[in-house]
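Observations on chain architecture
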Amino acid sequence: MSLPKAELHLHIEGTLEPELAFELATRNGLTLPYADTDELREAYRFEDLQSFLNLYYELMAVLRTERDFEDLANEYLERAAAQGVRHAEIFFDPQAHTSRGLELGTVVEGLWRALGDSESRHGVSTRLIMCFLRDESAESALATLHAAKPYLDRITGVGLDSAEVGHPPAKFREVYEAAAALGLRRVAHAGEEGPPEYITEALDVLGVERVDHGLRCVEDPALVERLVRERVPLTLCPLSNVRLRTVDTLADHPLPAMLDAGLMCTVHSDDPAYFGGYAGDNFDAVRDTLGLSEEQLRELARNSFLASFLEDDEELRAR
Ligand code: HPA
Ligand code: ZN
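Residues numbered from 1 in each chain as written. Chains lettered and ligands numbered in written order. Predicted model: local features only at pLDDT ≥ 70, side-chain atom pairs only at ≥ 80, totals over all residues.

Going by an unreviewed UniProt entry, the protein carries the name Adenine deaminase and comes from Streptomyces caelestis. One UniProt comment on the protein, placed under Catalytic activity (unreviewed entry), says "adenine + H2O + H(+) = hypoxanthine + NH4(+)". Quoted verbatim from the Function (unreviewed entry) field of UniProt, the annotation for the protein is "Catalyzes the hydrolytic deamination of adenine to hypoxanthine. Plays an important role in the purine salvage pathway and in nitrogen catabolism." (UniProt positions renumbered as here; feature names shortened; annotations may be inferred.)

So this is what it looks like as structure tokens:
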């Protein structure tokens, strides 16, 4: 689906396609524990978020140099542009790389080599959002924020991802306060596998402007009412929800009911190399399986620009 849209929920490490993983392994003299891309794809059968994260962190080992991050981002931006993405707010996981001995600068500068040229090369404007791993300590998140200070001209905001249950948003109160003081925008994953209370906490304790996933809000009618009233954007990822078994099948996805309830939903791809599709593929899937109307698809696309961190004039140009 080539409807112009903004991608607001995309982990750049989750765009590592098997072909590029093997190419980078060869380039860096590493051996992957899979015979070929077919065997690797066979491993993409996930039970839940954690079983996915195990493979996601394992495969990242092939990313070692600035050029690797540049190639990763360029391949992503080319695919995204072909599916109608005009603007992309891209998550990355600094701690997943610094814990392997990489410098934060290698990651940011490498990504920036692709992002800096993206408007002229791919017709896609970009922002970079640095995510903290919620299953690591709050001290590690604070140290990461501190280490990012030389790169803040390239980083628009902070996010929170990785294993959710048992790691409530409030654990990161201090680091989000420090991020806000530095002028950074704030988002967080909440209510993917974690309970609706985590969504409330992300809003009230972390001050987030968007909730990533937020799917489990549907279990709490008072919370839904609040999200509608406050027009809080929820960046949903339908194909991700199916692959990570957050919903049984795509036909069971609550997106139509969420739109009917008046929630400000947007649709995105999360980790497209692992979950079977990029932004346009997610739009196609909800149209074909959930029977969304053209008007509802246009509403989702319009919401994606409204919920973005673009300034008004940039937003009009991107649409
Ligand atoms: N959920 C939480 N953390 C993540 C994900 C996800 O789908 N992808 C990459 N990190
Ligand atoms: Zn995500």
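Back to the text.
Moving on, we get to the UniProt feature "binding site: substrate" (unreviewed entry) in the protein. UniProt marks Asp 271 with the feature "binding site: substrate" (unreviewed entry), using the numbering shown here. One can find Asp 271 in the loop between strand E8 (264-267) and helix H14 (272-275). Residue classification places Asp 271 among the buried positions, given that 24 C-beta atoms sit within 10 Å. Beyond its immediate sequence surroundings of up to four residues, Asp 271 is in contact with His 11, Gly 14, Tyr 56 and Ser 240. (Helix = DSSP H or I, 4+ residues; strand = E, 2+ residues; numbered from the N terminus. Buried ≥ 20, exposed ≤ 12 C-beta atoms within 10 Å, placed from the backbone. Contact = placed C-beta atoms within 7 Å.)

The pLDDT averaged across the protein works out to 97; a share of 99% of its residues lies at or above 70. Our summary of model confidence lists the complex with pTM equal to 0.98 and ipTM equal to 0.96. (pLDDT = per-residue confidence, 0-100.)

The next thing to look at is the UniProt feature "active site" (unreviewed entry) in the protein. Within the UniProt annotation, "active site" (unreviewed entry) is assigned to Glu 192. Considering the arrangement of structural elements, one finds Glu 192 in the loop between strand E5 (185-190) and helix H10 (196-204). Excluding residues within four positions of it along the chain, Glu 192 makes contact with Leu 49, Glu 164, His 213, Leu 215 and Thr 246.

Moving on, we get to the site of ligand 1. The local shell around ligand 1 consists of His 11, Gly 14, Leu 49, Tyr 56, Asp 161, Ser 162, His 189, Glu 192, Ser 240, Asp 270 and Asp 271. Residue composition of the shell around ligand 1, grouped by class: two nonpolar, five polar and four charged. (Near = placed C-beta within 6 Å. Nonpolar A, V, L, I, M, F, W, Y, C, P; charged D, E, K, R; others polar.)

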